[in-house]
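Reading the structure
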Amino acid sequence: MEKNQSLELNKLEVVYQGSIIAVQGATLSVPAKSIVALLGVNGAGKTTTLRAISGFLGIDNARVTDGTIVFCGETLNNKMPHEVVECGIVLVPEREKIFATLTVTENLQGCLKGAASNWSKQVETIFHFFPILYERRNQVAGYLSGGERQMLAISNALLCSPTLLLVDELSLGLAPMTVEHLMERIQALNKELGLSILMVEQTAAALNIAEYGYVMENGHVVFGGTAEQLLKHQNVQEFYLGISEKGTKSYREVKQYRRTRRWMG
Ligand SMILES: Nc1ncnc2c1ncn2[C@@H]1O[C@H](COP(=O)(O)OP(=O)(O)OP(=O)(O)O)[C@@H](O)[C@H]1O
Ligand SMILES: [Mg+2]
């Protein structure tokens, strides 16, 4: 029987330094070959959730203290990062995701997992998805534009042969057109390679390509549904699209709404 390739978080709890509860009772699912968005404002627990899945809690003295993380039928609680990569889950982190002093090609060579004989086929796939990286292949990565850096970070992750990609705030600090292009590329990776993708975002941009979405607040998953349901949800419109009840956009009102924390009510 084929293994269930979905990722299932069930009542996940993550604690920093033995006392700071950053994620509490988080339950969510990433079905095989799907794109799922995880939205939330600063400090909601999104990065912690991705770190818990990918095994990167130890460096911050954090642990999964309750609940389960299951992928392909295997429990991943408190596994080491390399063990999680072996299971097919690869993280594109929020920061420090490229080797800034190396060229684009050197970055890719450094991230290749497995036999060097795979190199040309793998790199051909990457340049197919990100042709601009071919043009920039001899350029030092630190001089790439923000969007190109993100493409290189995704490419570095792809060289670990994931079946599930965890992407932390791809759109951070990028112009709307660049975000749109990156989202379209993520969708192409999902469609053409059958990759499952869990995208953490602070804006609703990911909902345009995701099938499902969840909203996190204060360490809790407070809402989940199809992308369509989320986009229609009044709180998503107010918090993440900046559209008020009157249909106008006002960040002052959005901030006001944030303070009321209506999700919890
Ligand atoms: N290394 C750490 N030690 C202690 N507490 C931490 C640590 N990292 C994060 N936290 C706390 O855990 C909570 C969740 O943080 P996390 O970084 O997961 O949020 P986030 O949703 O990714 O926020 P952002 O959108 O700002 O990236 C916050 O209250 C934060 O202060
Ligand atoms: Mg974060």
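So, how was this worked out
Residues numbered from 1 in each chain as written. Chains lettered and ligands numbered in written order. Predicted model: local features only at pLDDT ≥ 70, side-chain atom pairs only at ≥ 80, totals over all residues. Heavy atoms only, no water. Salt bridge = Lys/Arg side-chain N within 4 Å of Asp/Glu carboxyl O. Buried < 20%, exposed > 50% of the residue type's maximum accessible area, 1.4 Å probe, protein only. Helix = DSSP H or I, 4+ residues; strand = E, 2+ residues; numbered from the N terminus. Pairing = 2+ DSSP bridges. Contact = heavy atoms within 4.5 Å. Axes fitted to C-alpha atoms, helices over the stretch in contact; angles between N-to-C directions. Parallel < 35°, antiparallel > 145°, perpendicular 65-115°, else oblique. Left-handed = near helix turned anticlockwise from the far one by under 90°. Donors = N, O, S within 2.8 Å, 3.2 Å for Na, K, Ca; no water. Expected span 1.5 Å × (residues − 1).

Turning next to the pattern of salt bridges. As enumerated under the stated definition, the model contains 5 salt bridges in all. Its salt-bridge partner being Arg-51, residue Asp-60 comes within 3.1 Å of it at the nearest N-O pair. A relative accessible area of 30% means that Asp-60 is categorised as partly exposed. Taking relative accessible area as the criterion, Arg-51 reaches 24% and is therefore assigned partly exposed. Between Glu-148 and Arg-136 there is a salt bridge, and its shortest N-O distance comes to 3.1 Å. One end of the pair, Glu-148, is in helix H6 (residues 146-158); the other, Arg-136, is in the loop between helix H5 (131-135) and H6, and 12 residues separate them in sequence. For Arg-136, a relative accessible area of 23% corresponds to the partly exposed category.

Before going further, it helps to examine the sheet that holds strand S2 (residues 20-30). As a general point, the strands of a sheet are linked pairwise by backbone hydrogen bonds and lie either parallel or antiparallel. The strand order across the open sheet built from 4 strands is S2-S1-S4-S5, with neighbouring strands paired in antiparallel fashion. Single-partner strands in this sheet number two, and they are S2 and strand S5 (74-75). Here strand S1 (residues 7-16) pairs with strand S4 (residues 62-71) via 8 bridges, running antiparallel. Bridging across to S4, Glu-8 finds its partner in Val-70. Across the sheet, helix H1 (residues 46-54) lies against S1, S2 and S4, angled at about 110° from S1, the strand it touches most.

With that settled, the discussion passes to the packing of helix H3 (residues 104-111) against H6. The description of two helices packed together rests on the angle between their axes and the distance between the axes. Where H3 meets H6, the axes come as close as 8 Å, and the angle between the chain directions of the two elements is 25°. Overall, the two elements H3 and H6 adopt an arrangement that is roughly parallel. As for the relative orientation of H3 and H6, their crossing is right-handed in sense. Seen from H3, the contacting residues are Val-104, Asn-107, Leu-108 and Cys-111; seen from H6, they are Leu-152, Ser-155 and Asn-156.

Each donor-metal-donor angle would ideally measure 109.5 degrees in four-coordinate tetrahedral geometry, or 90 or 180 degrees in six-coordinate octahedral geometry. Those protein atoms acting as donors to the magnesium ion (ligand 2) are Thr-47 (OG1) and Glu-94 (OE), and they sit at 1.9 to 2.6 Å. Separated by 47 residues along the polypeptide, Thr-47 in helix H1 and Glu-94 in the loop between strand S6 (89-92) and H3 bring together distant segments of the chain.

Turning our attention to H6. Residues that lie three or four places apart on an α-helix share one face, since the helix turns once every 3.6 residues. With 13 residues, H6 extends 19 Å between its outermost C-alpha atoms, agreeing within 8% with the 18 Å of an ideal straight helix rising 1.5 Å per residue. Across the 13 residues of H6, 11 count as buried, placing the element largely inside the fold. Looking at the buried positions of H6, the neighbouring elements they touch are S6, H3, helix H4 (119-129), H5, strand S7 (164-168) and helix H7 (176-193).

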